[in-house]
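Structural overview
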Amino acid sequence: MSHAATLPAPRRFVLPHRLRAWTRRSPLAAAGVLLLAAFALLAVLAPLIMPYDPVAADAAAVLQAPSQAHWFGTDANGMDVFSRVIFGTLYAFAIALPAVALAILVGVPVGLVTGYLGGWTDEVLMRFFDALRVFPSIILALAVVSAAGASVVNVVLVLGLLDAPVFARLVRSEVLALRSGSLVECAVATGNPVWRILLVHLMPNTLQGTLAQAAVRASWAVRLSTTFAFLGLGIQPPTPEWGAMIRQGAEYMVTGQWWIGVFPGIALILLSLALNMTGDGLADLLDPRRRSAG
Amino acid sequence: MRRALPFLLRRLVLLVPLLFVVALGTFVLLRLGGQDPSAMLAGPTATADEIARLRAQYGLDRPLPVQFLIWLGRVLNGDLGHSWISNRPVLAELVDRAPASLELLVLGVLIGALVGVPVGLISALRRGRGFDHAARLISLLGFSVPTYFLGLALLLIFFYVLEWAPPGMGRLSLMLDPPPRVTGSFLLDALFAGRWETAQSAAAQLVLPVASIAILCAAPIIAQTRAIALSVLSSPPIAYAEAQGLPPRTIARIALRNAATPVVTFIGAELVGLVGSGSLIEYVFAWGGTGQFGLDAIVKGDFAVVQGYVLLLAVFSVVVFLAVDLLVLVLEPRAGRA
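Residues numbered from 1 in each chain as written. Chains lettered and ligands numbered in written order. Predicted model: local features only at pLDDT ≥ 70, side-chain atom pairs only at ≥ 80, totals over all residues. Heavy atoms only, no water.

Moving on: the domain arrangement of chain B. Residues and elements named next belong to chain B. According to the domain assignment, chain B contains domain 1 (4-76) and domain 2 (97-337). Distance from the C-alpha centre of domain 1 to the C-alpha centre of domain 2: 31 Å. Summing the contributions of domain 1 and of domain 2, the shared interface buries around 1,500 Å²; its carbon and sulfur component is 79%. If you look at where domain 1 meets domain 2, you find zero salt bridges. Taken together, the links from domain 1 to domain 2 amount to one residue pair in polar contact (both at pLDDT 80 or more). Secondary structure elements with two or more residues in the side of domain 1 that touches domain 2: helix 1 (4-29), helix 2 (37-42) and helix 4 (64-76). Per-element accounting of the side of domain 1 that touches domain 2 gives the leading share, 14 residues, to helix 1. The residue inventory of the side of domain 1 that touches domain 2, partitioned by class, reads 16 nonpolar, one polar and two charged. (Domains from an automatic or database assignment. Buried area = accessible area lost by both parts, 1.4 Å probe. Salt bridge = Lys/Arg side-chain N within 4 Å of Asp/Glu carboxyl O. Polar contact = N/O pair within 3.5 Å; in protein donor to acceptor, adjacent residues only side chain to side chain. Helix = DSSP H or I, 4+ residues; strand = E, 2+ residues; numbered from the N terminus. Nonpolar A, V, L, I, M, F, W, Y, C, P; charged D, E, K, R; others polar.)

Here we take up the nonpolar core. Among the nonpolar cores identified, the biggest contains 137 residues, and A:Leu159, A:Phe228 and A:Trp242 are the most heavily contacted of them. Tallying contributions element by element places helix 13 (residues 303-331) of chain B first for this core, with 14 residues. Counting residues domain by domain, this core receives three or more from each of domain 1 (4-76) and domain 2 (97-337) of chain B. Excluding residues that lie within four positions of it along the chain, A:Leu159 makes contacts with A:Ile95, A:Ala99, A:Trp220, A:Ala221, A:Leu224, A:Ser225 and A:Phe228. (Core = buried A, V, L, I, M, F, W, Y, C linked by side-chain atoms within 4.5 Å. Buried < 20%, exposed > 50% of the residue type's maximum accessible area, 1.4 Å probe, protein only. Contact = heavy atoms within 4.5 Å.)

All names here are of chain A. Evaluated as defined, the whole model comprises 13 salt bridges over all chains. The partner of Arg127 in a salt bridge is Glu123, with the nearest N and O atoms 2.5 Å apart. Of the two residues, Arg127 and Glu123 both sit in helix 5 (residues 119-132), four residues apart, roughly one turn of that helix. Given the relative accessible area of 44%, Arg127 is considered partly exposed. Overall, the relative accessible area of 43% leaves Glu123 in the partly exposed class.

Listed below in structure tokens is the structure:
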């Protein structure tokens, strides 16, 4: 066993070391994750941080500019914009996370099965996904939600199902690349049943790509979910949801009360940016060819 | 160009099943609510008589496949039903407004591509340097701004605060009459009619919405062009050219030639998504194009219009994809042989 001694000892997995290495390799991902963690903390601790009840109208403090008492000012109902922006984080997560989870739950198995088995189901499904592409996703989502009834549950269902093809395609292409490789060949040769090859051998290999894509799609879901409320579909204005707040804010821009719409808008951009940075950075970390690309 | 005709014919034949699926999808749209489709088409102001008339007209009491065929037959004849809000034929409403939307979209995409493609190329050539990082951050930001908020933010900054731009209320200053209709674009029509003041106002109204679309479209173009250019730069033909000691200018020309096809394909795909974003931009700027009309219909539940609008967008996408295929055929000698 003399040649074994020349191999370098496997490095032990030490989380802080790994974190530092990852941060150095992709500062973008690190910044994104940090920002995302801040938003998650904000959502969890919302009841503790909010200085006011987000839906408590105060007739004595209507349309006040940002001040010591109201950091982000107050809206037309005298509600504190700062508290409402914080509470809105909850809505953003509550719609985007289940939507992306649904997309993954539907898309990943579809991608695994069609990619591995191929055949006419694969062909038909892929053509169907191609056909879906001719509809702009924003309009399709809005039209379907409007036809099916604009409830929060419907928004989640529609966003999730519309986004499932993204994951199906991604997983399918990775499975196709692996199917002809030695991994699957060995798994088949040792007598693994198909379900085991799919779940144990192939799925773990597609997880990383799925994770990176999940962050990017969550960003899409956050932006789109606020679009419904901005247009007046579903969640209605007194609710502290960012899109609904921006809708109200747009009306008051004319008279100079910019803070009603601008602060939720900035929060929305930051959360969307955090998710995009996380996804983009993860893709960087996971794809060795892109690593040095910066 | 001799290859173009058979290629085009083959594509057109392939379009038939695609358009059939698209029509089916659009038809199903109305069924999602589980409500009476004739009531949804007739709108909330309809009388029982009107609903009954509509039900008979569209055979909505017949089995579903029959209903679909009746509807498809009407659509093929250009009958998309009536809007219950305006009480006019849906197709006429949508087509009348199309030039306004196309004006925004074409200008926005043109400017977005003219900025995005060079920035993406320079990014790839200077990868890892300051310019590259800045471009990446800007394109990430462009990805992250919700469409409607971008429009609002531009209005807030350039109209309310700086007072450089006109208010976002339509395509022309309220003081002016629209020019006689030739193309449907106020800017072009005013120029044709020689009405400079009108043309000026139309151009000023265009600035912010076009800028919004250009920003939305430049972000993915920058990212994608950069990725495409990077993969081309590391491809065998370029390595070969470098090994031959060709001058950098020649190498750049070969690289551009190779990157053209994927970039064109990508911009075509982008255009389809941008129609959706363009509708939101129209909504924010009260543009009055097909997009705003369609969104209003979605919000107000004018389902005949929603159906027609979604169908029209799908047909538009199909046309764009076809145009892209033809363009690729011109750019790429290898394409179309298979």
